[in-house]
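Per-entry structural report
Okay, here's what each chain looks like letter by letter:
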Amino acid sequence: TDLHNPYLMKDMDKAVARISQAFEQTEKILVFGDYDVDGTTSVALVYGYLTEILGADADYYIPDRYSEGYGVSQAGIQYAYDNEYSLIISLDCGIKAHERVGWCNEMGIDFIICDHHLPGRNLPDAVAVLDPKRADCSYPYKELAGCGIGFKLIQAYTQKNDLPFEDLEAYLDLVAVSIAADIVPID
């Protein structure tokens, strides 16, 4: 009952609408995350919710730390293209992936960014950019971990579709692990 309304986060309505469209059109969704604890818990949370609760045609991609490096990788996008994914949801990365998101746009792959890192002056040209540190975002708590932003996304989808909040409770342990591992404040 103490959770902030997820729709206070800029672009949340766009993100939920795009995920709803993916369900309506039975599109394939790729959940893309960073290789650290925050990234992997974020992926587990969103992928788990999409597949276990909603029955989505989804898969996940974690880039190899050594061969692909940090963030949205070219290899990950190529994987999405080769396997006919039409929507990528990135978690704990993507806020500065201008070139990679642009490449996705050219290939017909839509992108939703869920990140908690400080954005640059301009945002990538994604369908939605969920980041409470955006200058134009009025979400009241700016220190969410990446997994916290993923949780806000599934909370918003649950609210919009009148699904039971209890479905989300099983994923809160992942949020707690990400908070501890990423050493974000817990005010």
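Residues numbered from 1 in each chain as written. Predicted model: local features only at pLDDT ≥ 70, side-chain atom pairs only at ≥ 80, totals over all residues. Heavy atoms only, no water.

Counting buried positions over the five residues of strand β1 (residues 29-33) gives five, a clear majority of the element. With burial as the criterion, each face of β1 is covered, one bearing I29, V31 and G33 and the other bearing L30 and F32. In this structure, β1 lies alongside strand β2 (residues 58-61), joined through four bridges in parallel fashion. Bridged to V31 within β2 is Y60. After leaving β1, the chain enters helix α2 (residues 37-53) and then returns to the sheet as β2, a path that is right-handed. Strand direction decides the pairing type here: β1 and strand β3 (residues 87-91), joined by five bridges, are parallel. Its bridge partner being in β3, V31 is matched across the sheet by I89. (Buried < 20%, exposed > 50% of the residue type's maximum accessible area, 1.4 Å probe, protein only. Helix = DSSP H or I, 4+ residues; strand = E, 2+ residues; numbered from the N terminus. Pairing = 2+ DSSP bridges. Right-handed = clockwise from strand over helix to strand, strands pointing away.)

What follows covers the pairing of β3. Counting buried residues in β3 gives five out of five residues, a clear majority hidden from the surface. Across five bridges, the pairing between β3 and strand β4 (residues 110-114) is parallel. Bridging from a neighbouring strand, L87 pairs with D110 of β4. Taking the sense of rotation as the criterion, the β-α-β connection linking β3, helix α4 (residues 98-107) and β4 turns out right-handed.

This part takes up helix α5 (residues 146-160). Working note: α-helix, 3.6 residues per turn, so residues spaced by three or four point in the same direction. Helix length check: α5 (15 residues) gives 21 Å between terminal C-alpha atoms against 21 Å at 1.5 Å per residue, within 8%. Here α5 lies mainly inside the structure; 13 of its 15 residues are buried. Following α5 by one or two positions, D162 has its phi on the positive side, about 50°. (Expected span 1.5 Å × (residues − 1).)

In this section: the side chain of S86. Looking at the element boundaries, S86 is found in the loop between α3 (74-82) and β3. Every residue in contact with S86, bar those within four places of it in the chain, is listed here: R18, E27, K28, G108, I109 and D110. (Contact = heavy atoms within 4.5 Å.)

Turning to the pattern of salt bridges, a few remarks are in order. Counted according to the given criterion, the structure contains six salt bridges. Here R18 ties to E27 by a salt bridge, and the two come within 2.7 Å at their closest N and O atoms. Pair check on accessibility: R18 and E27 agree, each one buried. R18 serves as the salt-bridge partner of D110, at 2.6 Å between the closest nitrogen and oxygen. Note that D110 is positioned in strand β4 and R18 in helix α1 (residues 12-24), a separation of 92 residues in sequence. A relative accessible area of 24% places D110 in the partly exposed class. When its relative accessible area of 5% is taken as the criterion, R18 is described as buried. (Salt bridge = Lys/Arg side-chain N within 4 Å of Asp/Glu carboxyl O.)

Summarising the element assignment, G94 is placed in the loop between β3 and α4. Classification of G94 as buried rests on a relative accessible area of 7%. G94 sits 33 residues away from V127 along the chain, and the two C-alpha atoms are 12 Å apart. Other than its neighbours up to four places away in sequence, G94 contacts V72, I113, D115 and P124.

Shape is all these values report; function is a separate question.
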